[in-house]
Amino acid sequence: MSAITLKDIRKSYDDGPQVLHGVSMDIGDGEFIVIVGPSGCGKSTLLRLLAGLDPCKEGELLIDGRRANDLPPQDRDIAMIFQNYALYPHMTVLENIAFGLELRKVPKIERIARARDVAETLQLTPYLDRKPGALSGGQRQRVAMGRAMARNSSTFLMDEPLSNLDNSLRVAMRTEIKDLHRQLGATIVYVTHDQTEALSLADRVAVMKDGHLQQFDTPDVIYDQPANRFVAGFLGAPAMNFVSAEQLGGWDAPLDVEIGFRPEALTLHHARPAQPAIEARVALTEMTGSAFILHCDSPGGRMCAVVPRGEALPVEGDQIWLALEPSQALCFDPVTGVRLDMPQTSPDQCRAVLARGAA
């Protein structure tokens, strides 16, 4: 049985434009689901519907097989962790963690014991007597997580929980959240606009745009087999390169398709190679630590290539060739953006477009 089922969920606010357009998905018990998309795509609205903070009037929401459209938040067995932590500044860490249990009339001895156990799991024991103002951002985030964990909920909703942290702390907290998921075995629905968080944390990723669910699948499937051009371009850093087949000078392109390929799929050559390659000129070189990103101008427009450190690196203005293994190319409908497979355009046909570019 799915822990959560959404069937054709739609949402509008105050007779305004529609925010969600028929979103449907099944979330399995114990899954870690990440909802990702740009600002304004409806991901936080969807989370608020799951939590019961906003009414769900159109579509059907099931939690553990029970219709939950009109179920009050306190009856959903769901804990929510907000972006701004929502801690009480006048309470200690221990009191903040235990506060939800106090509201539920849990006896004091039991709620203090449970709060201490949670604090131990989150490595917060040394800070139990401190107030939030004396904690770092990462520590405050763990207190917010602890307050949710103390309730022993079956489902956790997390709305951009790491957005207020610096990059190094975000990386560390991602690891902690993933470890906690393994320990708790609870269902987690996590909202973010950060595609790195989505790919690194999720069992499955739901990609949204303008209130529409674009694709819902495992991170590797979404990365390697994106449903459309938006998904392909949104997930991945640097972003996928897109060129029109007819834009590539000297490339015979009888098919009216747009070709997409990841920057890491390109191989740098300082002279024209035997295999299919794109002639380009280096516009900018960017170091990321373990690799360099080459921003290049080509007949198909600006594109990026990833070059590992240790390779001979061209300088700005150099002419280079970027070889592409045809199996790494994806083809998209230039009008609808849908990735093309059978029957309109087979992968072999798309590869043939690239292969004919070898000169």
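As a reminder, the structure under discussion sits directly above these lines.
Computed from a prediction, not measured in an experiment: that's the story for all the values here.

Conventions used here
- Residues numbered from 1 in each chain as written.
- Predicted model: local features only at pLDDT ≥ 70, side-chain atom pairs only at ≥ 80, totals over all residues.
- Heavy atoms only, no water.
- Core = buried A, V, L, I, M, F, W, Y, C linked by side-chain atoms within 4.5 Å.
- Buried < 20%, exposed > 50% of the residue type's maximum accessible area, 1.4 Å probe, protein only.
- Pairing = 2+ DSSP bridges.
- Helix = DSSP H or I, 4+ residues; strand = E, 2+ residues; numbered from the N terminus.
- Axes fitted to C-alpha atoms, helices over the stretch in contact; angles between N-to-C directions.
- Parallel < 35°, antiparallel > 145°, perpendicular 65-115°, else oblique.
- Left-handed = near helix turned anticlockwise from the far one by under 90°.
- Contact = heavy atoms within 4.5 Å.

Peer 1: When you look at the nonpolar core in this model, what are you seeing that I'm missing?
Peer 2: Soluble, globular proteins show a tendency: their nonpolar side chains are buried together. In this structure, Ile97 and Tyr190 are the most contacted members of the largest nonpolar core, which totals 46 residues. In this structure, Leu46, Leu49, Ala51 and Val191 belong to the second largest nonpolar core, which totals 30 residues.

Peer 1: Would you mind going over the sheet that holds strand β16 (residues 301-308) with me for this structure?
Peer 2: Note: strands within a sheet are paired through backbone hydrogen bonds, in either parallel or antiparallel orientation. Spatially, the five strands line up as an open sheet ordered β13-β17-β14-β15-β16, and their pairing is antiparallel. With partners counted over all chains shown, the strands left at the sheet margins are β13 (266-269) and β16, one partner each. In this sheet, neighbouring strand axes are inclined to one another by 45 degrees on average, regardless of whether the strands run parallel or antiparallel. Inspection of the sheet shows strand β14 (residues 277-287) paired to strand β17 (residues 319-324) by five bridges, in the antiparallel sense. Across the sheet, alanine 280 pairs through a bridge with isoleucine 320, a residue of β17.

Peer 1: I tried to follow the sheet that holds strand β12 (residues 258-261) on my own but got confused; where do I start?
Peer 2: In spatial order, the strands read β11-β12-β18; together these three strands make up an open sheet with antiparallel pairing. In this open sheet, the two strands that pair with only one neighbour each are β11 (241-244) and β18 (330-332). Ignoring which end each strand starts from, the neighbouring axes of this sheet average 30 degrees apart. The pairing of β11 with β12 spans four bridges and is classified as antiparallel. Paired with asparagine 241 across the bridge in β12 is phenylalanine 261.

Peer 1: I tried to follow the packing of helix α4 (residues 137-149) against helix α5 (residues 167-184) on my own but got confused; where do I start?
Peer 2: A packed helix pair is summarised by two numbers, namely the angle formed by the two axes and the spacing between the axes. Contact geometry for α4 and α5: axes closest at 11 Å, N-to-C directions at 20 degrees. As the angle between them shows, α4 and α5 are arranged roughly parallel. Crossing geometry of α4 relative to α5 is assigned as right-handed. When α4 is examined against α5, the residues Gly137, Gly138, Gln141, Arg142, Met145 and Met149 are found in contact with a partner set consisting of Leu169, Met173, Glu176, Ile177, Leu180 and Leu184.

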